[in-house]
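# Inside the fold
Chain residues, written in single-letter form:
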Amino acid sequence: MEISLAHYLALAAVLFGIGLFGVLTRRNAVGILMSIELMFNAVNINLVAFNRFVTPADFTGQIFSIFVIVVAAAEATVGLAIVLLIYRNFRDIFVDNINLMKW
Amino acid sequence: MPDLRPMLPELFLFAWAIVVLLFGISRKERSGDSLIYLTLVGLVITGILIPIAGYGNLFGGTFVVDKFAAFFQIVFLFAAFFAVASSHGLMKKLSADRGEFFALILLSTTGMMLLASTLELITLYVSLELTTIPLFVLAAYRKDQLSSSEAGLKYLILGAVSSAILLYGISLVYGLTGTTFLQPALSRLIEQSVPMLLASGNVNMALVMAIVMMVAGFGFKLALVPFHMWAPDVYEGAPTPITSFLSVASKGAGVVAIARVFYTTLPAFHDVHWGTFVAVLAAAAMIVGNITAVLQSNIKRMLAFSSIAHAGYVLVGFVALPQGSTVPPYGPASLLFYMMAYLFANMGAFACVIAFEKNFGSYQIKDYHGLSKHSPGLAIIMTLFLLSLAGIPPLAGFMAKYYVFLAGWQQFPWLVIIGLLTSVIALFYYANIIMQMYFSRGETSLTKARYDRPLLLTLILTAVGTVAVGIYPEPILRFATEAVKVFPF
């Protein structure tokens, strides 16, 4: 069986769904950041697959996915720095306990 | 080597951010004053560079400076100017890291300026992240306050999720069209690429999904209902100058991005009826924002909900597309005008909150009682901004609401009626503060408010802006009408 575009898109959609589910259900701030990375990587699969099947002649999708990886790394860095700051102050990184203000 | 002239303001602002950063590192012992003035000078020079750099496009149409971009760049520079000028009180409370604070504001402003003038989705995404990642750090800037860290974390998580959703939508658009450039001809590209893409013929479904995800992603930045959950907490927890910056500049970034994407590609997405979808979101934002604002006791939270409602009013202008030949103050132009009016009134209101906080150390609305007795100046100027936000003539807010509703009436009369009804509710909570300041009985032990010089400058400039735009709106309206001519309506 040949792997078609639909397979890649389905994989990306499932991965995106798992990531979103993780963001909504995880209680550990680091776990939430990891789930967000899953969502970004789902997008990367989409971009690279579209590049391969829709516009095989150029590299727009691949370049886009490199940008996404770089920006996601920057976002994760800031995220972990804030989590570290909260850990120093709260001694806790479970988001249920970080609720001085009502949601 | 291409001629980088049109990009001059952004390049200068980026360089100036580095200068401010280095200056802050080299002079640790100094108070924030010299840094504030240095940053303000940089912003003013950038503003002067905008007309000098002129219009043009670069990098094969990726980066386009037109009147639309210039209009929003001016809005962003004003917002950054007011936020920086009102952060003197915050600087006194910080023990270190003052230079980084201003450098991050300048970097975020650079991102917004790039965002205003991009016509390509990769650049759009990177500029949007350059706008928001510094804002995550700035929201968490009071390292000694747990509420600030909490605000930063909440903003970061919801901001990152929203960019992931936006990206997914963008990737679908790329897949459907085979290009990341925003152009009116996208519809033809869809027709060309789709037969080999999806045999089932479910193109419209994929396009609808892409549009819903992109609107949701931008909706987070705009704090639209139902994507608004982060706004009240982040507004409350973040340092107040950053809250004021977020409420105008971050919202403006969302507006400029959504307008660029949807107006440029208008013919391609015409069958999908995104207008109705966005109109429903606007109605929800006006209703939920205004009703919840009535219930708040903290003034920063109240202004957060009021800003959610204002996002709804902005979108009334956004969906009011001209049909055939319409009278000049039509939808897209009224959207731009609304941003300008909202800028002055909201930044001014937050500057008053900062002045009050600095003198009396409180955010509670009930503590504003008797303000007119001990600090009449602050009470008068606060009243001015609140009346403008409520939309009372002859202030800027009234003209903005008038143009937006006038434009929206043709296509979405129900939306305008909701807007008018919720404006009445809005009057209730704005008037509540004015009542507290002027008509509450009981004694206060507070003394006359004192202001530092940059904050006074902010208060005066925003007050002048609010009155001037309200009394003499023609120049800005003409500029806005010219600006939206870049789109293929």
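As a reminder, the structure under discussion sits directly above these lines.
Residues numbered from 1 in each chain as written. Chains lettered and ligands numbered in written order. Predicted model: local features only at pLDDT ≥ 70, side-chain atom pairs only at ≥ 80, totals over all residues. Heavy atoms only, no water.

### So, the overall build of chain A
Selection criterion: Strands here mean DSSP runs of E at least two residues long; helices mean DSSP runs of H or I at least four residues long; both are numbered from the N terminus. Each residue is assigned to one of three classes by its accessible area relative to the maximum for its type, calculated with a 1.4 Å probe on protein chains only: buried under 20%, partly exposed between the two thresholds, exposed over 50%. Reported accessibility uses the Shrake-Rupley method at a 1.4 Å probe radius. Residues are deemed covered only where the shown protein chains occlude them. Only four residue types enter the charge count, namely Lys and Arg as positive and Asp and Glu as negative; His and the chain termini do not. The atom standing in for a charge is NZ when the residue is Lys, CZ when it is Arg, CG when it is Asp and CD when it is Glu.
For chain A, the count of helices and strands is three helices and zero strands. Each helix and strand of chain A, placed in order from N terminus to C terminus, yields the pattern α-α-α. Counting over 103 residues, chain A shows a buried share of 44%. Put simply, chain A shows about 5,700 Å² of open surface, and 68% of that area lies on carbon and sulfur atoms. Placing the 6 positive and 6 negative side-chain charges of chain A at their respective mean positions leaves the two points 12 Å apart.

### Overview of the packing of aromatic side chains
Residue and element names in this part refer to chain B. Inclusion rule: Aromatic contacts are taken between Phe, Tyr and Trp rings whose centres are within 6.5 Å, Trp giving its six-membered ring; a plane angle under 30 degrees counts as stacked, one over 60 as edge-to-face, and the others as tilted. We call a charge positioned over a ring when the NZ of a Lys or the CZ of an Arg lies within 6 Å of the ring centre and within 35 degrees of the ring normal.
Applying the stated criterion across every chain, the model contains 32 aromatic pairs over all chains. Centre to centre, the rings of Phe-262 and Phe-318 are 6.4 Å apart; their planes meet at 85 degrees, and the pair counts as edge-to-face. One end of the pair, Phe-262, is in helix H11 (residues 240–264); the other, Phe-318, is in helix H13 (residues 299–319), and 56 residues separate them in sequence. Taken individually, Phe-262 and Phe-318 each receive the classification buried, so the pair is uniform in this respect. Cation over ring: Lys-300 sits above Tyr-363, and NZ or CZ is 4.5 Å from the ring centre.

### Section: the interface of chain A and chain B
Keep this limit in mind: Contacts were defined at the residue level, with two residues in contact if any of their heavy atoms lie within 4.5 Å. Joining two parts hides part of their accessible area as seen by a 1.4 Å probe, and the buried area is that hidden amount summed over both. By convention in these notes, a salt bridge is any Lys or Arg side-chain nitrogen within 4 Å of a carboxyl oxygen on Asp or Glu. Here a polar contact is recorded for every N or O atom pair within 3.5 Å, except that within protein the pair must consist of a potential hydrogen donor and a potential acceptor, and residues adjacent in sequence are included only if both atoms are side-chain atoms. The classification used treats Ala, Val, Leu, Ile, Met, Phe, Trp, Tyr, Cys and Pro as nonpolar, Asp, Glu, Lys and Arg as charged, and all other residues, Gly among them, as polar.
Residue-level contacts link 45 residues of chain A with 43 residues of chain B. A buried area of about 3,900 Å², summed over both sides, lies between chain A and chain B, and 80% of it is on carbon and sulfur atoms. Put simply, chain A and chain B have zero salt bridges between them. Joining chain A to chain B, the criterion identifies three residue pairs in polar contact (both at pLDDT 80 or more). Elements with a minimum of two residues in the side of chain A that touches chain B: helix H1 (5–25), helix H2 (29–53) and helix H3 (60–90) of chain A. Among the elements that take part in the side of chain A that touches chain B, H3(A) stands out by supplying 16 residues, more than any other. Its residues assigned to classes, the side of chain A that touches chain B comprises 34 nonpolar, eight polar and three charged.

### Quick notes on the layout of surface pockets
Residue and element names in this part refer to chain B. Our working definition: With a 1 Å grid spanning the protein atoms alone, the term cavity applies to any set of points in which a 1.4 Å probe fits but cannot get out, the term pocket to an open set with protein on both sides within 12 Å along at least five of seven lines, and the term lining residue to any residue with an atom within 4 Å of a point. Grid points are joined across faces, edges and corners, and a volume is the space filled by probe spheres set on the points.
Estimates place the volume of the largest pocket at around 490 Å³. Around the largest pocket, the lining comprises 21 residues; the ones closest to its centre are Asp-97, Val-137, Ala-140, Tyr-141 and Lys-143. Partitioning the lining of the largest pocket into residue classes produces 15 nonpolar, one polar and five charged.

### A few points about unusual backbone geometry
Among all residues save glycine, negative phi is the norm, and among peptide bonds the norm is trans. Residues and elements named next belong to chain B. Here the bond from Val-225 into Pro-226 is cis, since omega is 5 degrees, no more than 30 degrees from zero. Along the chain, Pro-226 turns up in the loop between helix H9 (203–222) and helix H10 (230–237). Of note, the bond from Pro-393 into Pro-394 is cis; its omega dihedral lies within 30 degrees of zero at 5 degrees. Its location among the elements puts Pro-394 in the loop between helix H16 (376–390) and helix H17 (396–408). One non-glycine residue, Phe-59, adopts positive backbone phi at about 50 degrees. One non-glycine residue with positive phi stands out, namely Ala-223, at about 60 degrees.

### Observations concerning the packing of H3(A) against helix H6 (residues 121–139) of chain B
We count it as follows: Between N-to-C directions, angles cover 0 to 180 degrees, with each direction set by a line fitted to C-alpha atoms, over the stretch in contact for helices. Oblique is the label for every angle not falling under 35 degrees (roughly parallel), over 145 degrees (roughly antiparallel), or within 65 to 115 degrees (roughly perpendicular).
One can describe the packing of H3(A) onto H6(B) by two numbers: an axis separation of 11 Å at closest approach and a directional angle of 5 degrees. Between H3(A) and H6(B), the angle falls in the class roughly parallel. Within the contact between the two elements, H3(A) uses Thr60(A), Phe64(A), Phe67(A), Val68(A), Val71(A), Ala74(A), Glu75(A), Val78(A) and Ile82(A) and H6(B) uses Leu121(B), Ile122(B), Tyr125(B), Val126(B), Glu129(B), Ile133(B), Phe136(B) and Val137(B).

### Looking at the environment of Gly219(B)
All names here are of chain B. As for its placement among the helices and strands, Gly-219 is situated in helix H9. For Gly-219, a relative accessible area of 0% gives the class buried. Taking the C-alpha atoms as reference points, Gly-219 and Val-65, 154 residues apart in sequence, are found 25 Å from one another. When residues no more than four places from it in sequence are discounted, the contact partners of Gly-219 are Leu-224 and Phe-227.

### Re the pattern of salt bridges
Residues and elements named next belong to chain B. Within the structure shown, the criterion is met by nine salt bridges over all chains. The salt bridge involving Glu-150 is made with Lys-154; its shortest N-O contact spans 2.7 Å. Here Glu-150 pairs with Lys-154, and both are found in helix H7 (residues 146–177), just four residues apart, close to one helical turn. Here the two residues Glu-150 and Lys-154 agree in accessibility, since each one is buried. The shortest N-O distance in the salt bridge between Arg-301 and Glu-236 comes to 2.6 Å. Of this pair, Arg-301 sits in helix H13 while Glu-236 sits in helix H10, placing them 65 residues apart in sequence.

This is a description of form; function is not addressed.
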